[in-house]
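Analysis of the macromolecular model
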Amino acid sequence: MSHFSPRVFSGMQPTGNLHLGNYLGAMLNWIAMQETHECIYCVVDMHAITVWQDPKELRRAIVDVTAAYLACGLDPKKSIIFNQSQVAEHAELAWILNCVARMGWLNRMTQFKEKAGKDKEAASVGLFVYPTLMAADILGYHATHVPVGEDQKQHLELARDIAVKFNNDYAEAIAAAGINDGVFFPSPEPFITGPATRVMSLRDGTKKMSKSDPSDLSRLNLIDDADTIAKKIRKAKTDPEPLPTEKAGLKGRPEAENLTGIYAALAGESVEKVLGQYGGGQFSVFKNALADLAVAKLAPIGAEIKRMQHDDRAHVEKVLADGSARARAIAAPILRKTRELVGFVLS
Ligand code: AQP
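Bear in mind the structure is a predicted one, so any value in this text is a computation, not a measurement.

1. A few points about the pattern of salt bridges
What the rule picks out here adds up to 20 salt bridges. With a shortest N-O distance of 3.7 Å, arginine 160 and glutamate 189 are connected by a salt bridge. Here the residue arginine 160 occupies a position in helix H9 (residues 153–169), and glutamate 189 occupies one in strand S5 (residues 189–191), the gap between them amounting to 29 residues. Residue classification places arginine 160 among the partly exposed residues on the basis of a relative accessible area of 28%. According to the relative accessible area criterion, glutamate 189 is partly exposed, its value standing at 40%.

2. A closer look at the site of the ligand
Close to the ligand lie 22 residues; Lys115, Asp151, Ser210, Lys211 and Ser212 are nearest. A distance of 3.0 Å is found between an oxygen atom of the ligand and a backbone nitrogen or oxygen belonging to glutamine 13. A distance of 3.2 Å separates a nitrogen atom of the ligand from a polar atom in the backbone of glycine 21. Its free accessible area being 640 Å², the ligand has 97% of it covered by the protein chains.

3. Remarks on the packing of helix H4 (residues 89–98) against helix H8 (residues 130–139)
Their axes nearest at 8 Å, the elements H4 and H8 cross at an angle of 120°. Judged by the angle between their axes, H4 and H8 are oblique. The two elements H4 and H8 cross, and the hand of that crossing is right-handed. On H8, the residues that touch His90, Leu93, Ala94, Leu97 and Asn98 of H4 are Thr132, Leu133, Ala135, Ala136, Asp137 and Leu139. Looking at the contact of H4 with H8, its residues break down into seven nonpolar, three polar and one charged.

4. Notes on the side chain of histidine 47
One can find histidine 47 in helix H2 (residues 45–48). Residue class for histidine 47 comes out buried when judged on its relative accessible area of 1%. A polar side-chain atom of histidine 47 sits 3.2 Å from the main-chain carbonyl oxygen of tyrosine 130. For histidine 47, the contacting residues outside a window of four places in its chain are Gln13, Gln84, Tyr130, Leu133, Met134 and Asp137.

5. Description of the pairing of strand S1 (residues 7–12)
Across the six residues that make up S1, a large majority, five, are buried. In this structure, S1 lies alongside strand S2 (residues 38–43), joined through six bridges in parallel fashion. Paired with serine 10 across the two strands is tyrosine 41, which belongs to S2. Tracing the backbone out of S1, into helix H1 (residues 20–33) and back to the parallel element S2 gives a crossover that is right-handed.

6. A word on the domain arrangement of the protein
The domain architecture assigned to the protein consists of domain 1 (7–197 + 313–342) and domain 2 (216–309). Summarising the inter-unit geometry, the C-alpha centres of domain 1 and domain 2 are found 30 Å apart. Counting residues at the interface gives 16 residues for domain 1, matched by 14 residues for domain 2. A combined buried area of about 1400 Å² lies between domain 1 and domain 2, and 77% of that area is made up of carbon and sulfur atoms. For the pair domain 1 and domain 2, the interface holds zero salt bridges. Summed over the shared surface of domain 1 and domain 2, the result is four residue pairs in polar contact (both at pLDDT 80 or more). Ranked by residue count, the leading element in the side of domain 1 that touches domain 2 is helix H3 (residues 55–72), at six residues.

Reading guide: rules and limits
Residues numbered from 1 in each chain as written. Predicted model: local features only at pLDDT ≥ 70, side-chain atom pairs only at ≥ 80, totals over all residues. Heavy atoms only, no water. Salt bridge = Lys/Arg side-chain N within 4 Å of Asp/Glu carboxyl O. Helix = DSSP H or I, 4+ residues; strand = E, 2+ residues; numbered from the N terminus. Buried < 20%, exposed > 50% of the residue type's maximum accessible area, 1.4 Å probe, protein only. Near = heavy atom within 4 Å. Polar contact = N/O pair within 3.5 Å; in protein donor to acceptor, adjacent residues only side chain to side chain. Areas by Shrake-Rupley, 256 points an atom, 1.4 Å probe, with all protein chains shown as cover. Axes fitted to C-alpha atoms, helices over the stretch in contact; angles between N-to-C directions. Parallel < 35°, antiparallel > 145°, perpendicular 65-115°, else oblique. Left-handed = near helix turned anticlockwise from the far one by under 90°. Contact = heavy atoms within 4.5 Å. Nonpolar A, V, L, I, M, F, W, Y, C, P; charged D, E, K, R; others polar. Pairing = 2+ DSSP bridges. Right-handed = clockwise from strand over helix to strand, strands pointing away. Domains from an automatic or database assignment. Buried area = accessible area lost by both parts, 1.4 Å probe.

Here you go:
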């Protein structure tokens, strides 16, 4: 029986506008979990600077992403909402965990390979150790559950490996500190669930929908207005065949699979049911229905984000300031103990 009470931690990068993938892959679970768990939701600005960010843009994006969190339904009365850089414990623990993690482990991370591209020598060192900072984000709160999209699975496994290795490396100190089961850092459980854990680009069904895709047509931003949402869905890439009537017929048709998955997730229905309704028909009919559904679900969120950006910036900043203080209050004693275990405290 673990001595850790359940605690949720997750974050998104302020590297641009949040999009449908962030919403379906992570945010819907975040919103649900705040009703049942203690939740800490972070705007991970320190992760953002692993690739170059213009300071003016970064400042704006931190506010915008926080406004999006609130517009989607995160409630600062229920959850702690803050930006990572305001809690120095993240950086301090990341350093300690950099000394626990092994080069070979990080060398296997596929996200680094994708983001660094061909010229690995030119990537920042921060981009390489991005997963150890992510481990520090989670372990620094003794978080037990981490709701993320499918793309973060490998990083979560690494965080679990780092937790286990720290507990082993410092087993003697942990036992001497009276932690009876020898577990100082719990192994966080990935929570990768829901109807759309991997939403793909609207322009290429084999690529993840992403903030940093140069084509804005590739994604539905939460801030897009109704006309833009409808236009992007009309222009979404499809193949010439009609939609299949059975799920098996989606195999090898990534764009059709993605669009039916998006419809199902937004409608709260199964893919089978969506194909039962639209299978056999032309894509254009299905796309019109999908556009109406996406507008109904996303346009109100976009309008609320814009309202907050223009009229409620002070509220957004206050949410971050309060959240940072509450986050620090949890992380500080865990870091104090970590310093003792590592041998930094002399008496
Ligand atoms: N396409 C996606 N489908 C499902 N989930 C997704 N997530 C991101 N894209 C998809 C989930 O959203 C959360 C926050 O992601 P992030 O902002 O930390 O960074 P990311 O995963 O790198 O997202 P992007 O959009 O691809 O940003 P850039 O382009 O800046 O790298 C995570 O839980 C993620 O799984």
